[in-house]
Each structure stands twice: as C-alpha cells, then as structure tokens.
Amino acid sequence: MAGTPTISNRKARHEYHIIETFEAGIELKGTEVKSLRAGRANLQDSFARIENNELLLYNMHISPYEQGNRFNHEPKRVRRLLMHRQEINRLHSKIREKGLTLIPLKVYFQRGWAKVELALARGKKLYDKRQDIAARDAQREMERARRAKG
C-alpha cells in the first residue's frame, strides 16, 4: 500500500554483521495496526528468539493509539512472528551456531499485512565499527575529490 511508512532499525547495520535476511508476518492486536500505519513504532533494542517452536519478537515498542480506548495494547508486549515451521527449524539450527542472533531490520506493510524483515546477524566488535566508519569517511573523501575535479 503506497504511503504507509516503513519503520527501520538504523542502528542494526552499525552494530551487527548481517549474514542473511528473512521475512516474517507479525501477529498484531487491535489498535497496534493503526499505530504502525501511523509510523509510531520503534525497533531499537528489539530482538527475536525461538521458544517452544515459536518465533517471538521482544522489545519492539508500538505506541498506544491516540483514539484508542480501554482496548489499547501494551506498548512493549512480546509479539509472535509468523513463519513456516520448516523455516523456523532451519533458523533454529543456524542460531545454535555461536554468536548468532535474530535482529529485526524493518517493519512494513505488504498487500495489507504487517511484515518484519529479520536478519540473522553476528555482533560487531569495536574495531569492526571503527573500520566501517573509516571506510565510509574514505569513500566520502573520494566522492568530494571526484566532484571537485569534475
């Protein structure tokens, strides 16, 4: 649907090496959909975990809907993510590998359904982050020099 905002986790690519990405549906209640469509959500510090053969999303904050009433939702409740059983089992075997975690990169709407883009990721060390910043600065300098010549 055009015009619906995408909520993204901009810090994720800075904090983690992204190995692989997956798409999952998200189980929402009542006014959560309206708040998400209004772009009132935050993925910072959120992560996914597999428990009892279910994929669960923790720490995603969806602000209560202003026009909501007593049926408003809990902002940081645990939300179930929807994937096929085989995909969850495959993810579970990959997560068992040392140091891998599931991080949500963005939340968006596709044909009216809320979707989460999950990344299988490994945390970066401080020196990795410094290298990324240095590479980005070098790229910026090259672009400036190229524009000055041209």
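For the rest of this paragraph, the subject is the overall build of the protein. Along its length, the protein carries four helices and nine strands. Overall, the protein shows an N-to-C arrangement of helices and strands of β-α-β-α-β-β-β-β-β-α-β-β-α. Based on the C-alpha atoms only, the size of the protein along its principal axes is roughly 60 × 40 × 25 Å. For the protein, the residues scored as buried account for 33% of the 150 residues in total. Pairs at least 24 residues apart make up 68% of the contacts formed inside the protein by residues separated by at least 6 positions. Accessible surface, the protein as shown: approximately 9,900 Å² in total, 48% of it carbon and sulfur. Both charge centroids of the protein, one from 32 positive and one from 18 negative side chains, sit 2 Å from each other.

The next thing to look at is the packing of aromatic side chains. All chains considered together, the criterion is met by one aromatic pair. Between Phe47 and Tyr58 the ring centres are 5.2 Å apart and the planes differ by 15°, which places this aromatic pair in the stacked class. Of the two residues, Phe47 is situated in strand E4 (residues 47-51) and Tyr58 in strand E5 (residues 54-58); the sequence distance between them amounts to 11 residues. Of the residues examined, Phe47 reaches a relative accessible area of 23% and is grouped as partly exposed. Directly above the ring of Tyr58 sits Arg49, whose terminal nitrogen or CZ lies 5.3 Å from the centroid. Lys106 extends its terminal NZ or CZ atom over the ring of Tyr108, reaching a point 5.8 Å from the ring centre.

Glancing now at the side chain of Asn9. Tracing the chain through its elements places Asn9 in the loop between strand E1 (7-8) and helix H1 (12-15). The buried category is assigned to Asn9, whose relative accessible area is 11%. Among residues more than four places away in sequence, those in contact with Asn9 are Leu43, Gln44, Ile103, Pro104 and Leu105.

Tracing the sequence through the fold places Glu27 in the loop between strand E2 (16-26) and helix H2 (32-37). Residue classification places Glu27 among the partly exposed positions, given a relative accessible area of 32%. Spatially, the C-alpha atoms of Glu27 and Lys115 are 9.3 Å apart, while their sequence positions differ by 88 residues. Setting aside residues up to four positions removed in sequence, Glu27 forms contacts with Glu32, Arg77, Arg79, Arg80 and Leu82. Side chain to side chain, Glu27 and Arg80 meet in a polar contact 2.7 Å long.

Side chains that are nonpolar tend, in soluble globular proteins, to be buried together. Counting residues in each nonpolar core, the largest one holds 26 residues, and the members touching the most others are Ile26, Leu36, Leu55, Met60, Leu81 and Leu91. Within the residue set of this core, elements represented by two or more residues are E2, E4, E5, helix H3 (85-95), strand E8 (100-110) and strand E9 (113-123). Residues Ala12, Leu105, Ala119 and Ala121 belong to the second largest nonpolar core, which totals five residues.

Turning our eyes to something else, we now look at unusual backbone geometry. The residue Asn52 is not glycine, and still its phi comes out positive at about 50°. Notably, Arg111 is not glycine yet its phi reads approximately 50°, a positive angle. In this fold, Arg111 is placed in the loop between E8 and E9.

About the thresholds
- Residues numbered from 1 in each chain as written.
- Predicted model: local features only at pLDDT ≥ 70, side-chain atom pairs only at ≥ 80, totals over all residues.
- Heavy atoms only, no water.
- Helix = DSSP H or I, 4+ residues; strand = E, 2+ residues; numbered from the N terminus.
- Buried < 20%, exposed > 50% of the residue type's maximum accessible area, 1.4 Å probe, protein only.
- Contact = heavy atoms within 4.5 Å.
- Areas by Shrake-Rupley, 256 points an atom, 1.4 Å probe, with all protein chains shown as cover.
- Lys, Arg positive; Asp, Glu negative; His and termini not counted.
- Charge placed at Lys NZ, Arg CZ, Asp CG, Glu CD.
- Phe/Tyr/Trp six-rings, centres within 6.5 Å; stacked < 30°, edge-to-face > 60°.
- Lys NZ or Arg CZ within 6 Å of the ring centre and 35° of its normal.
- Polar contact = N/O pair within 3.5 Å; in protein donor to acceptor, adjacent residues only side chain to side chain.
- Core = buried A, V, L, I, M, F, W, Y, C linked by side-chain atoms within 4.5 Å.

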